[in-house]
Amino acid sequence: MKPHFAELIGIAAAAASLYAAHSKTIISLRVAAIVANLLAMIYSLTHGTYPTFMLNAVLLPLNAWRLHAMTSLIRDIDAATRSDMNVDWLLPYTRPRHFKAGEVVMARGEYATAAFYVVSGEVEIVEIGQTFGHGTLLGEIGLFTPDGRRTMTVRCKSDVQTAMIDYDQFKQLYFQNPQFGFRLLHLIVARMQSSREIPRPA
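Residues numbered from 1 in each chain as written. Predicted model: local features only at pLDDT ≥ 70, side-chain atom pairs only at ≥ 80, totals over all residues. Heavy atoms only, no water.

Colleague: If you had to explain the pattern of salt bridges to someone new, which residues and values would you point to?
Modeller: Inspection of every chain in the model, using the stated rule, returns two salt bridges. With a shortest N-O distance of 2.7 Å, arginine 95 and aspartate 166 are connected by a salt bridge. In this pair, arginine 95 is assigned in strand E1 (residues 95-99) and aspartate 166 in strand E8 (residues 160-166), connecting sequence segments 71 residues apart. With relative accessibility at 26%, the residue aspartate 166 sits in the partly exposed group. Taking the shortest distance from any N to any O, the salt bridge between glutamate 110 and arginine 150 comes out at 3.9 Å. With a gap of 40 residues between them, glutamate 110 in the loop between strand E2 (104-106) and strand E3 (114-120) and arginine 150 in the loop between strand E6 (137-138) and strand E7 (154-156) connect regions that are remote in the sequence. (Salt bridge = Lys/Arg side-chain N within 4 Å of Asp/Glu carboxyl O. Helix = DSSP H or I, 4+ residues; strand = E, 2+ residues; numbered from the N terminus. Buried < 20%, exposed > 50% of the residue type's maximum accessible area, 1.4 Å probe, protein only.)

Colleague: I'd like a rundown of the sheet that holds E2, residues and numbers included.
Modeller: Across the sheet, which stays open at both edges, the four strands sit in the order E2-E7-E4-E5 with antiparallel pairing between neighbours. Single-partner strands in this sheet number two, and they are E2 and strand E5 (130-132). Put simply, the sheet's adjacent strands are angled 30 degrees from each other on average, direction ignored. (Pairing = 2+ DSSP bridges. Axes fitted to C-alpha atoms, helices over the stretch in contact; angles between N-to-C directions.)

Colleague: Explain the layout of surface pockets to me, and be specific about the residues and the numbers.
Modeller: If a probe the size of a water molecule is rolled over the atoms, the empty space left behind becomes visible. In this structure, the second largest pocket encloses a volume near 170 Å³. If you trace the second largest pocket, you find 11 residues lining it, with Trp65, Arg66, Ala69, Met70 and Tyr93 closest to the centre. Only helix H2 (26-47), helix H3 (50-81) and helix H4 (167-176) provide two or more residues apiece to the lining of the second largest pocket. Of the residues contributing to the lining of the second largest pocket, the split by class is six nonpolar, three polar and two charged. (1 Å grid on protein atoms, 1.4 Å probe; cavity = no way out; pocket = protein on both sides within 12 Å on 5 of 7 lines; lining within 4 Å. Points joined across faces, edges and corners; volume = space filled by probe spheres on them. Nonpolar A, V, L, I, M, F, W, Y, C, P; charged D, E, K, R; others polar.)

Colleague: Give me the packing of aromatic side chains: which residues, what numbers.
Modeller: By the definition in use, this model includes one aromatic pair. Ring centres of phenylalanine 99 and phenylalanine 116 lie 5.8 Å apart, and the angle between their planes is 75 degrees; on these two criteria the pair is classed as edge-to-face. Of this pair, phenylalanine 99 sits in strand E1 while phenylalanine 116 sits in strand E3, and the two are 17 residues apart along the sequence. Note on phenylalanine 99: relative accessible area 3%, which makes it buried. Across the ring face of tyrosine 111, the terminal group of arginine 149 is positioned such that the distance to the ring centre comes to 3.9 Å. (Phe/Tyr/Trp six-rings, centres within 6.5 Å; stacked < 30°, edge-to-face > 60°. Lys NZ or Arg CZ within 6 Å of the ring centre and 35° of its normal.)

Colleague: So what's going on with the side chain of threonine 162? Residues and values would help.
Modeller: The residue threonine 162 is located in strand E8 in this model. Not counting residues within four places of it along the chain, the set of residues in contact with threonine 162 comprises Arg95, Pro96, Arg97, Phe99, Phe116, Tyr117 and Val119. (Contact = heavy atoms within 4.5 Å.)

Colleague: Before we move on, can you summarise a nonpolar patch on the surface with the specific residues and values?
Modeller: Residues Leu55, Leu59, Leu62 and Trp65 make up a contiguous nonpolar surface patch of roughly 410 Å² in combined accessible area. When you line up the elements, leucine 59 lands in helix H3. (Patch = residues over 30% accessible without salt bridge, like charges linked within 9 Å, V, L, I, M, F, W, Y side chains within 5 Å. Areas by Shrake-Rupley, 256 points an atom, 1.4 Å probe, with all protein chains shown as cover.)

Colleague: Any details on the nonpolar core? Residues and values, ideally.
Modeller: Among the nonpolar cores identified, the biggest contains 17 residues, and Met70, Leu90, Ala115, Ile165, Tyr167, Phe170 and Leu173 are the most heavily contacted of them. If we skip the residues at most four places from it in the chain, alanine 115 touches Leu137, Leu138, Gly139, Glu140, Ala163, Met164, Ile165, Tyr167 and Phe170. Grouped together as the second largest cluster of nonpolar side chains are 13 residues, Val118, Leu138, Cys156 and Met164 included. (Core = buried A, V, L, I, M, F, W, Y, C linked by side-chain atoms within 4.5 Å.)

Colleague: Could you give an account of the environment of glycine 121, with specific residues and numbers?
Modeller: With respect to the helices and strands, the residue glycine 121 is situated in the loop between E3 and strand E4 (123-125). When the C-alpha positions of glycine 121 and threonine 162 are compared, they lie 8.8 Å apart, and in sequence the two are 41 residues distant. When sequence neighbours within four positions are dropped, the list of residues in contact with glycine 121 reads Phe132, Gly133, His134, Ser158, Asp159 and Val160.

Colleague: So what's going on with the sheet that holds E8? Residues and values would help.
Modeller: One open sheet holds the four strands; their spatial order is E1-E8-E3-E6, and the pairing between them is antiparallel. Each edge of the sheet is formed by a strand with only one pairing partner; in this case those strands are E1 and E6. Where E3 meets E6, two bridges bridge the pair, whose relative direction is antiparallel. Bridge pairing in E6 places phenylalanine 116 opposite leucine 138.

Here you go:
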């Protein structure tokens, strides 16, 4: 490879890295990082700087995997907003939490710090006397209430296995990709309409 052309590749790799550092969303950041990794690998081979080549060879699949994970998340959210409001796409970002029958998952008026996805068992929303089971997302609205407090009390009617996601994780996903935040809000509004907390348009 001609030295002049090799230097152009090096400049392009540096430019891609700078673009990645200033990207406002995680998807554009990962795409730019992948391009930078590829160009840096080519540049390193032409100059025999093998440690730099190995570093970018390790970073390339990592960035590709993270890009795939985020695009899959966005695709799954899009499918959820157009189907039955299933939220299985959030499960990779949760951790398990078990409750015994009769335990309160969340109490009205308490500060909200996490949402819960019901994996198994049944819960009752006390204020409206309704029972919900597998596939129900609980507590996500507390993230958006003005005072940050729960609006309903949820009690277990049986032993319940949940998947809990902290609000900090919600916020991280939102700021990494605004499209995620928009579709999450879309899902929340749809759930509120289905539970008649807000009226549907006439």
